[in-house]
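Chain and residue survey
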Amino acid sequence: MESLGVIVLTGGGSTRMGRHKPALDVGGRPIVARILEACAGLPVVVVGDAAAVPAGVCVIREDPPGGGPVAGIAAGFAELASAYAAQPVSGAPLLERVAVLAGDLPFVTREALDGLGDALEADPSAELALAVDAEQRVNWLCAVWRAEVLGQRLEAVGDPTGVSVRRLIDSSCRALVADRSGWSADVDTPEELAAARVAATGSG
């Protein structure tokens, strides 16, 4: 088992899109399937809707269902921690880092996750690494955390229902990773979906 675990959040109302975003097709595959391919070989927990999630992937619901992204992160973190605790003690790796990914990131790659992890390791003071796009927008749900810090922040928040991701991050020391190729771009609107399809396949 890798020391990096992954939480993929597929809840949310998709109000601006009007459809469940992770199941939408980009480049011939559902967005959530593209994300999971980038995470191949890593322990992954999908939290939220199971639509278009391939068989064999662990899917759970946040408590309460619809409780928001931090409730989803809390549920995913507890599931990952439980899975690592169940491993044999001898030689078993610890859960050292946790990637937290929104379910609408069609272009995230394993190289991108490695880059976030490398930025975290390069700065001993950093508690999480976040993607920043070419327009200097931070994607709060394209991140790699130190597992111990994430656990502490979740404990400090208490009841995660309705809590914002920004509040979870709060004053945590951040390493910012420049995304110059669009791997941290999310798909919130029909226009962004159309652009993503063009980028992925060359056609709308």
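Below is a short write-up of the structure. Every residue gets a number counted from 1 within its own chain, in the order that chain's sequence is written. In keeping with the predicted nature of the model, local features appear solely for residues at pLDDT of at least 70, side-chain atom pairs appear and are counted solely at 80 or more, and the whole-chain, interface and lining totals rest on all residues. Heavy atoms from the whole structure form the basis of all side-chain values; hydrogens and water molecules are not counted.

1. Quick notes on the overall build of the chain
To be explicit about the condition: Think of it this way: any DSSP run of H or I at least four residues long counts as a helix, any run of E at least two long counts as a strand, and we number them from the N terminus. This radius of gyration counts C-alpha atoms alone. The globule rule is 2.2 Å times how many residues there are, raised to the power 0.38. The cut-offs for exposure are 20% and 50% of the maximum accessible area for each residue type, with area from a 1.4 Å probe on protein chains only; residues under the lower value are buried, those over the upper are exposed, and the others partly exposed. Contacts are assigned to residue pairs with any non-hydrogen atoms lying within 4.5 Å of each other. Using a 1.4 Å probe, accessible areas were evaluated by the Shrake-Rupley method; residue-level cover was limited to the displayed protein chains. When charges are counted, Lys and Arg contribute as positive and Asp and Glu as negative, whereas His and the chain ends are disregarded. Each charge is placed at NZ for Lys, CZ for Arg, CG for Asp and CD for Glu.
Counting its secondary structure elements, the chain contains six helices and nine strands. Against the globule reference of 17 Å for 204 residues, the chain gives a C-alpha radius of gyration of 16 Å, in line with a compact fold. With the principal axes as the frame, the chain shows a C-alpha extent of 50 × 35 × 35 Å. Among the 204 residues that make up the chain, the fraction classed as buried is 48%. Counted over contacts in the chain with a minimum sequence separation of 6, partners at least 24 positions apart contribute 69%. Surface summary for the chain: the accessible area is close to 9,500 Å², and the carbon and sulfur share equals 51%. Of the side chains in the chain, 16 bear a positive and 26 a negative charge, and the two mean positions are spaced by 4 Å.

2. A few points about the nonpolar core
What counts, and what does not: Among the buried residues, those of types Ala, Val, Leu, Ile, Met, Phe, Trp, Tyr and Cys that are joined through side-chain atoms within 4.5 Å form a nonpolar core.
Ranked by internal contacts, the top residues of the largest apolar core, which has 65 residues, are Ile 7, Ile 73, Val 98, Val 100, Trp 145 and Leu 150. With residues up to four places along the chain from it excluded, the contact list for Ile 7 reads Val 45, Val 47, Gly 72, Ile 73, Gly 76, Phe 77, Leu 80, Val 98, Ala 99, Val 100 and Leu 101.

3. Regarding helix α4 (residues 147–157)
For α4, every residue scored as buried is listed here: Ala 147, Val 149, Leu 150, Gly 151, Arg 153, Leu 154 and Val 157. Where α4 is buried, its residues meet α2 (69–85), β6 (97–102), β8 (138–146) and α5 (165–169). Backbone geometry just downstream of α4 places Gly 158 in the positive-phi region, at approximately 80 degrees.

4. A look at the packing of α2 against α4
Helix-helix packing is described using two parameters, namely the angle between the two axes and the distance between the axes. The following threshold applies: For helices, the axis comes from a line fit to the C-alpha atoms of the stretch in contact; other axes are also lines fit to C-alpha atoms, and the angle between any two N-to-C directions lies between 0 and 180 degrees. An angle counts as roughly parallel when it lies under 35 degrees, as roughly antiparallel when it exceeds 145, as roughly perpendicular when it falls between 65 and 115, and as oblique in every other case. Helix crossings fall into two classes, left-handed where the near helix is turned counterclockwise from the far one by less than a right angle and right-handed where it is turned clockwise. When residues are sorted by character, Ala, Val, Leu, Ile, Met, Phe, Trp, Tyr, Cys and Pro go into the nonpolar class, Asp, Glu, Lys and Arg into the charged class, and all the rest, Gly among them, into the polar class.
It is the contact of α2 with α4, at a shortest axis distance of 11 Å, that shows an interaxial angle of 125 degrees. It follows that α2 is oblique to α4 by the angle criterion. For α2 against α4, the interelement crossing comes out left-handed. Here α2 contributes Val 70, Ile 73, Ala 74 and Phe 77 to the contact with α4, which in turn contributes Ala 147, Leu 150, Gly 151 and Leu 154. Among the residues making up the contact of α2 with α4, the classes are represented as seven nonpolar, one polar and no charged.

5. Digging into the sheet that holds strand β1 (residues 4–10)
We count it as follows: Pairs of strands are assigned from DSSP output, requiring at least two bridges between the strands.
One open sheet holds the seven strands; their spatial order is β5-β4-β1-β6-β8-β7-β9, and the pairing between them is mixed. Edge strands, defined here as strands with exactly one partner in the open sheet, are β5 (58–60) and β9 (174–178). Within the sheet, the average angular offset between the axes of one strand and its neighbour, ignoring direction, is 25 degrees. With five bridges joining them, β1 and strand β4 (residues 44–48) adopt parallel strand pairing. Bridged to Thr 10 within β4 is Gly 48. Its contacts with the sheet place helix α1 (residues 31–38) against β1, β4 and β6, and it is angled at close to 175 degrees to β1. Against the sheet, α4 makes contact with β6 and β8, and its axis sits at roughly 115 degrees relative to β8, the strand it touches most.

6. Things to note about unusual backbone geometry
Geometrically, the link from Asp 63 to Pro 64 is a cis peptide bond, its omega value of 0 degrees lying close to zero. Along the chain, Pro 64 turns up in the loop between β5 and α2. Phi angles above zero are rare outside glycine, and Ala 52 is one such case at about 70 degrees. Residue placement: Ala 52 occurs in the loop between β4 and β5. Since its relative accessible area comes to 35%, Ala 52 is described here as partly exposed. In the Ramachandran plot, Asp 170 falls in the positive-phi region, its phi being about 50 degrees despite a non-glycine side chain. Tracing the chain through its elements places Asp 170 in the loop between α5 and β9.

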